[in-house]
Amino acid sequence: MISLFKDKGFWKNALTLAIPVALQNMLISSFTLADTLLVSKLGDVALSSVGMVGQWGWLITMFVTGFCSGTTVFVSQYWGIKNKKKIRSTCGIALTAVMFITILFTTVSFLCPQRVIGLFNKDPQIIKEGTIYLTNVAYSFFAVGLSNVFSYVLRSTEQVRLPMYVSAFTTVLNIFLDYCMIFGKFGFPEMGIKGAALATSISAWAGVIVVVIASVIKKNILFGRLKEFFCFTKEDVVVYSKKVLPVVCNEAMWGLGAFTFNLIFANMGYEYFAAVTILRSFENIAFVFFIGLCSSASIMIGKSVGKGKIERAVDDSKRFAILVPSFAVVIAIIVISLRTQLVGIFNLGNNISQVTIESAKIIMAIYAFELPIRMIPYIQIVGIFRSGGDTINGVKYDISCVWGISIPVTLFSVYVLKVPFVVAFAIMYVFEDYVKTFLCIRHYRSYKWLKPVTKEGLKALEEFKSKKMNV
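Residues numbered from 1 in each chain as written. Predicted model: local features only at pLDDT ≥ 70, side-chain atom pairs only at ≥ 80, totals over all residues. Heavy atoms only, no water.

Quick word on the overall build of the protein chain
Within the protein chain, the secondary structure is distributed over 16 helices and 0 strands. For 471 residues, the compact-globule estimate of 2.2 N^0.38 gives 23 Å, and the protein chain sits close to it at 22 Å. Overall, the protein chain is about 65 × 50 × 40 Å in size when its C-alpha atoms are taken along their principal axes. Counting all 471 residues of the protein chain, 58% fall into the buried class. For the protein chain, the accessible area works out to roughly 19,800 Å², and carbon and sulfur atoms hold 67% of it. For the protein chain, the distance from the average position of its 46 positive side-chain charges to the average position of its 26 negative side-chain charges is 8 Å. (Helix = DSSP H or I, 4+ residues; strand = E, 2+ residues; numbered from the N terminus. Rg over C-alpha atoms; globule rule 2.2 N^0.38 Å. Buried < 20%, exposed > 50% of the residue type's maximum accessible area, 1.4 Å probe, protein only. Areas by Shrake-Rupley, 256 points an atom, 1.4 Å probe, with all protein chains shown as cover. Lys, Arg positive; Asp, Glu negative; His and termini not counted. Charge placed at Lys NZ, Arg CZ, Asp CG, Glu CD.)

This is the structure we're talking about:
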């Protein structure tokens, strides 16, 4: 096992890809954290309202991520054989799908914002504040969709620096605009929660503009004639759909599951949901390291599979399967040790209730203890199975464990057994992760996740299978 990690090429490639991606996602999380911290100065109601709208936006992101993540199956393997034509046409299919999804959610957000907020909480103050925030932040949804597609395609072709720089720009811009528009600084009117939403929308569109301009200047993979992106055939769409729709289903159903959990917690009381909002802010930052490693795994394994280097792909998958949960242990120790100080950051103005603060401390500890187990199926499904071409089994494992086990048990615990909020939060994690971890490890060891989409990969897979059968 130790010999696996003596490969200097692995570390060079993994860190070269992981660090910029981790930094990019750190900046994106800082974007969200800045909103949450500044809005927390407006009190529990504003904080909870923004958190609820954030869950609606997060649900949109899950659909978008499904298409983007599925797209990387093709892009990373096509990048292995340097087929730029196929990469651009695949990008065009993804853009078309993402535009449809974001326009649909944006329309719902404008037409019935009160109903969206009412899913989480019926408190009139929450609905009023949440409606203001949602109808202004909805302008960003389409821009966020475009940014995600551009970012995933660039990263899958090993161009990881541009997305990182753009995220740095949009984060700084968002923090500045938040400060100005929430509190009325530097000549801006004081707009409170509306200002936070508008700052997010302006920053999101600024990011799209910067990516487009930079791509034209650098002439990267996104630079090309429109017909190169939108000349895909019906057959291309069919092939794409067979691989990508299971991933979309995976992300969407898992996202709907998380959305359902948040509905349960929000209806237990807005103070509890404010605690969840605090946790999610730090969870997003802790998670960036795993996103970086997972992105490295996806690119490296997918590229090797596409080129027909199956044994290299398998060796790298073993390394990531060990590395990610091991790193989760380190993060868990840090979170447990510093959770009081981390939660305290949100109460610098003494506007947050003690119920929210104490609940946040407890669920942060629960999250930390669960993190190493939670990261095992994460790296397996998102980083290994998908990059190998297997987009089906992750769907089965996620849907069965979330919808078949965790949600029913959590609902029963909350509405029949009447368990406290923190107990319900722990039940959510435990009943989703342990069965899923077992299923993922078993599937990984079978090598059935190796399903190339290139001729080179398919040929090499047959040789790999023959070699395994003769061992």
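Re the state of the cysteines
One way to say it: the disulfide is the covalent bond shared by the sulfur atoms of two cysteines. For the structure shown, the criterion picks out 0 disulfides. As a non-bridged cysteine, cysteine 68 has cysteine 91 as the owner of its nearest cysteine sulfur, 9.0 Å distant. (Disulfide = S-S within 2.5 Å.)

Digging into the side chain of serine 317
Structurally, the position occupied by serine 317 is in helix 12 (residues 310–344). Serine 317 gets classed as buried once you look at its relative accessible area, which sits at 0%. Setting aside residues no more than four positions away along its own chain, serine 317 makes contact with Ile301, Ile384, Tyr444 and Trp449. (Contact = heavy atoms within 4.5 Å.)

Observations concerning the pattern of salt bridges
For the structure shown, the criterion picks out 12 salt bridges. The partner of arginine 225 in a salt bridge is glutamate 228, and the shortest N-O contact between them spans 4.0 Å. According to the relative accessible area criterion, arginine 225 is exposed, its value standing at 56%. Take glutamate 228: its relative accessible area is 23%, and that puts it in the partly exposed class. In this structure, lysine 436 engages glutamate 432 in a salt bridge whose closest nitrogen and oxygen atoms are separated by 2.8 Å. Placement of the pair is lysine 436 and glutamate 432 together in helix 15 (residues 421–446), with a separation of 4 residues, close to one helical turn. Exposure class is identical for lysine 436 and glutamate 432. Each is buried. Through salt bridges with shared partners, a single ionic network connects Arg374, Asp398, Glu432, Asp433 and Lys436. (Salt bridge = Lys/Arg side-chain N within 4 Å of Asp/Glu carboxyl O.)

A few points about a nonpolar patch on the surface
Together, Leu411, Phe412, Tyr415, Val416 and Leu417 line one region of the surface with nonpolar side chains, adding up to about 480 Å² of accessible area. If you trace the backbone, leucine 411 turns up in helix 14 (residues 393–415). (Patch = residues over 30% accessible without salt bridge, like charges linked within 9 Å, V, L, I, M, F, W, Y side chains within 5 Å.)

Structural notes on the side chain of aspartate 398
Looking at where aspartate 398 falls in the secondary structure, it is placed in helix 14. Polar side-chain contacts of aspartate 398 include one of 2.6 Å to the side chain of lysine 436. Residues contacting aspartate 398, with those up to four places away along its chain left out, are Asn250, Trp254, Ile381, Trp403 and Lys436. (Polar contact = N/O pair within 3.5 Å; in protein donor to acceptor, adjacent residues only side chain to side chain.)

Regarding the nonpolar core
If you look at the biggest cluster of nonpolar residues, it comprises 140 residues, and the most contacted ones within it are Trp56, Phe265 and Phe425. The element best represented in this core is helix 2 (residues 44–80), accounting for 18 residues. Filtering out sequence-adjacent residues up to four positions away, phenylalanine 265 remains in contact with Tyr272, Phe273, Val276, Phe421, Ala424, Phe425 and Met428. (Core = buried A, V, L, I, M, F, W, Y, C linked by side-chain atoms within 4.5 Å.)

A word on the packing of helix 10 (residues 234–267) against helix 14
Two elements in contact, helix 10 and helix 14, have axes whose closest approach is 9 Å; the angle formed by their N-to-C orientations is 10 degrees. Judged on the interaxial angle alone, helix 14 and helix 10 are roughly parallel. Residue-level contacts link Pro246, Val247, Cys249, Asn250, Met253, Trp254, Leu256, Gly257, Thr260, Phe261, Ile264 and Asn267 of helix 10 to Gly394, Val395, Asp398, Ile399, Val402, Trp403, Ser406, Ile407, Thr410, Leu411, Val414 and Tyr415 of helix 14. Of the residues contributing to the contact of helix 10 with helix 14, the split by class is 16 nonpolar, 7 polar and 1 charged. (Axes fitted to C-alpha atoms, helices over the stretch in contact; angles between N-to-C directions. Parallel < 35°, antiparallel > 145°, perpendicular 65-115°, else oblique. Nonpolar A, V, L, I, M, F, W, Y, C, P; charged D, E, K, R; others polar.)

Some points on the packing of helix 5 (residues 124–137) against helix 8 (residues 193–218)
For any two helices packed against each other, the geometry is given by the interaxial angle and the distance between the axes. Remark: helix 5 packs on helix 8, axes separated minimally by 8 Å, with the N-to-C direction vectors making an angle of 20 degrees. Comparing their axes, helix 8 and helix 5 come out roughly parallel. Seen along the crossing, helix 5 lies across helix 8 with a hand that is right-handed. On helix 8, the residues that touch Glu129, Ile132, Tyr133, Asn136 and Val137 of helix 5 are Ile193, Lys194, Ala196, Ala197, Leu198, Thr200 and Ser201. In terms of residue class, the contact of helix 5 with helix 8 is built from 7 nonpolar, 3 polar and 2 charged. (Left-handed = near helix turned anticlockwise from the far one by under 90°.)

What to know about unusual backbone geometry
Of note, the phi angle at lysine 82 is positive, near 55 degrees, even though the residue is not glycine. On the secondary structure map, lysine 82 appears in the loop between helix 2 and helix 3 (84–111). Look at phenylalanine 186: it is not a glycine, yet its phi comes out positive at around 55 degrees. In this structure, phenylalanine 186 sits in the loop between helix 7 (161–183) and helix 8.

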